[in-house]
Structure formats: C-alpha cells, structure tokens
Amino acid sequence: MKVFIDGQFYDEANAKISVFDHGLLYGDGIFEGIRAYNGRVFKLKEHIDRLFCSAKAILLTMPMTHAEVSKAVVDTCRENNIRDGYVRLVITRGVGTLGLNPNKCKLASVIVIAGTIQLYPEEMYQNGMAIVTVPTVRNLHSAVNPAIKSLNYLNNILAKIEANNAGVEEAIMLNSEGYVAECTGDNIFILKDGKMFTPPLSAGALYGITRAAVVELARQQGIEVTEPNLTRYDIFNADECFLTGTAAEIIPVTKVDGRIIGDGKPGATTHRLISAYRSLTKQSGEPIYP
Ligand code: PXG
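Residues numbered from 1 in each chain as written. Predicted model: local features only at pLDDT ≥ 70, side-chain atom pairs only at ≥ 80, totals over all residues. Heavy atoms only, no water.

For the rest of this paragraph, the subject is the packing of aromatic side chains. Counted under the stated rule, the structure contains 5 aromatic pairs. For the pair Phe-31 and Tyr-153, a centre-to-centre distance of 5.2 Å together with 75 degrees between the ring planes defines the contact as edge-to-face. Of this pair, Phe-31 sits in strand E3 (residues 29-37) while Tyr-153 sits in the loop between strand E7 (129-133) and helix H5 (154-165), and the two are 122 residues apart along the sequence. Arranged with centres 5.0 Å apart and planes meeting at 15 degrees, the rings of Phe-189 and Phe-242 form a pair that is stacked. Remark: Phe-242 occurs in strand E13 (residues 240-245) and Phe-189 occurs in strand E10 (residues 187-192); sequence separation between them is 53 residues. Comparing Phe-189 with Phe-242 shows no difference in burial state: the two are buried. The ring of Phe-236 has Arg-259 lying over it, and the distance from NZ or CZ to the ring centre is 4.0 Å. (Phe/Tyr/Trp six-rings, centres within 6.5 Å; stacked < 30°, edge-to-face > 60°. Helix = DSSP H or I, 4+ residues; strand = E, 2+ residues; numbered from the N terminus. Buried < 20%, exposed > 50% of the residue type's maximum accessible area, 1.4 Å probe, protein only. Lys NZ or Arg CZ within 6 Å of the ring centre and 35° of its normal.)

Written out as structure tokens, the structure is:
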C-alpha cells in the first residue's frame, strides 16, 4: 500500500507523522471517509466540499486547494490500483509545541490512505440489524459542533463502546433534549405510512453525504421526505428503519431497544432504496483511470 503524505507517496511501513502533530496530541484535525466504486470516486466533490467546511469551522488553513486535494485522492486510488475501495482523507493541524495553541503549528498535513472497509456483516444487509439507544448524547452545537467531521471522535467512540457492551454494532445517540440525533457513524431514517423521515441536521447530526443521496433517490421515487424532530417512540413505531453512511451504505434496522420494527424484516422501500443506491454508486463518480 502507498500512502500519500504532503505531496509524496510512502510505503505503509514508512507512512509516519510526528508525535508532535496536534492531530495526535489533541485530536486537532479533520477527516473524510470516501468510497470508490467501479473505478470511480463516489461523491468526491461533496466530500471535499464538506472537508473545507470542517476546516473553516476549526480555523484550519488548508495547505492545498480544493482541486489539489481532489487530485490527491484520485492519484492515491490509482497508485494503489483501487477500483472498489475506501479512502481515508485526514488533515491534521500539523507539528506544534506541547501546548495546545494551534497558532504554533506552522503547516497542516494532508494524509490519504486508500484501502478497503467492511463495516457490518453481509448477513445484516439481508436480515437487518439490531441497535440500541446509548446513554452518551451527541455533542452539543455549542461545544464541538457535530457537523464538524473532526479527528476528535471520542464522544462517538464512547457510544460505540456502549453499543458493543450491549452486544450490537451500532447505536442511536440522542441529543441533550432527548430527540434522536443519529448513530455513531451513520445517519438514521424511518418510514411510516409511506412517508420517509430523518432527524433534522439541527438535532445534532453529521451532514451525511449518503443521507443527502438517499433523500434525493427517495424523492425521485415519489416518496415524501421530511425532517421533523424524532423521538424513540417514533422509531419504535416505524414501519421500516435504516441507517446510511459511506461505509455502511444503506443498512436495514429491524430491532431497536428490543422493539421489533415493522414485521421484523427489512422493508420493501428499504430494499428499493438499496438497489437504487447501488446503481448510483456503479454509474457515477470521478474516474480514477482516465
Ligand atoms: N454520522 C457520523 C457521526 C459519521 O461519522 C455519518 C454520519 C455518515 O456520513 P456520510 O457522509 O459518510 O454518509 C458518518 C460518517 C467508520 C466510519 O469506520 C464511519 C464514517 C465514516 C468513516 C468511517 O465507522 N461515518
């Protein structure tokens, strides 16, 4: 594997950054998780746009332009002969002192790793997954804003540990008001009486790129989609439920906190959206091999 760091490719064994990098010392940095399908980078522009929004939110000066970062992602895929894969794009604040002041970090670092990811077992895509609600609430907007895809994921990792302790792979995180925000690495959707609902971004969710794609696909299929505040009651009484994320794609949820969702099987609309999403991923994206 060849890893891109600040304009150069390194072998896996030599792909290293300084222990004085504030990405390591303080989780001071941002990232994106991107997929490649069929020799193309899916939703590349959307991911790089979101990266630059995260950078702006944490006052990080990007050392490369939008076009240069996009090219680095595509080049790293090509360098690793990726046709179907997963790209982790990481921007750290860079090397600084042992104090937390980011002004002491002269130059941010850009890292691109192209590999593969399999988040959940295939069996769950067929039969649905069980999830629980966990005690750790989603970050407040007034703290580290949940829209920032920062390197500081400890809040979500705590929620993931709580999910693991409950014997499941993913968990619903509520916000401080008790409304459903999202899951630890996925956005959440429900269907009720033919209509589709997902929590508003203001409930405390990442502005998911898969979320936006799925909303668009659903509307193309004539499904009404709205974004009201949702409670656990709404999830329990849904006809269908599924999660969306770059890594997870669309995964059906059939049990939440011990309550069976719908008839306990992945729903018909969820299946239709999964097929539509799969054809979109196969047909669109930035070509890796021109
Ligand atoms: N919410 C959160 C908190 C996320 O981290 C999503 C929603 C889905 O967003 P996209 O844009 O991907 O549709 C994410 C992204 C992992 C992993 O290893 C998870 C994500 C990204 C990369 C890796 O679990 N989730």
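The subject of this paragraph is the site of the ligand. Surrounding the ligand, one finds 21 residues, the nearest of these being Tyr-86, Tyr-153, Glu-182, Thr-210 and Thr-246. Between an oxygen atom of the ligand and a side-chain N or O atom of Arg-50, the distance comes to 2.8 Å. Residue Thr-210 places a side-chain N or O atom 2.6 Å away from an oxygen atom belonging to the ligand. Protein coverage of the free-state accessible area of the ligand, which is 550 Å², stands at 91%. Residues that form the shell around the ligand fall into these classes: 6 nonpolar, 9 polar and 6 charged. Shared between two domains, the shell around the ligand takes at least three residues from each, and those domains are domain 1 (2-115) and domain 2 (122-282). (Near = heavy atom within 4 Å. Polar contact = N/O pair within 3.5 Å; in protein donor to acceptor, adjacent residues only side chain to side chain. Areas by Shrake-Rupley, 256 points an atom, 1.4 Å probe, with all protein chains shown as cover. Nonpolar A, V, L, I, M, F, W, Y, C, P; charged D, E, K, R; others polar. Domains from an automatic or database assignment.)

Interface extent is often summarised as the accessible area lost during association of the parts. Considered domain by domain, the chain is made up of domain 1 (2-115) and domain 2 (122-282). Centre-to-centre separation of domain 1 and domain 2, based on C-alpha positions: 26 Å. If you look at the interface, domain 1 gives 24 residues, while domain 2 gives 19 residues. Here domain 1 meets domain 2 over a buried area of about 1,700 Å², counting both sides, of which 63% is carbon and sulfur. Connecting domain 1 to domain 2 are 8 residue pairs in polar contact (both at pLDDT 80 or more). Contributing elements (two or more residues each) for the side of domain 1 that touches domain 2: helix H1 (22-26), E3, helix H2 (44-57) and strand E5 (85-92). Class assignment for the residues of the side of domain 1 that touches domain 2 results in 11 nonpolar, 8 polar and 5 charged. (Contact = heavy atoms within 4.5 Å. Buried area = accessible area lost by both parts, 1.4 Å probe.)

By size, the foremost hydrophobic cluster in this structure holds 28 residues, and its most contacted members are Val-41, Val-73, Leu-89 and Ile-91. Considering every element that reaches this core, the biggest residue donor is helix H3 (residues 66-79), with 5 residues. The contact partners of Leu-89, leaving out residues within four places of it in the chain, are Ile-30, Phe-31, Glu-32, Ile-34, Ile-48, Leu-51, Val-69, Val-73, Val-110, Ile-111 and Val-112. Within the second largest apolar cluster, 23 residues are counted, among which are Ile-131, Val-180, Ile-235 and Val-256. (Core = buried A, V, L, I, M, F, W, Y, C linked by side-chain atoms within 4.5 Å.)

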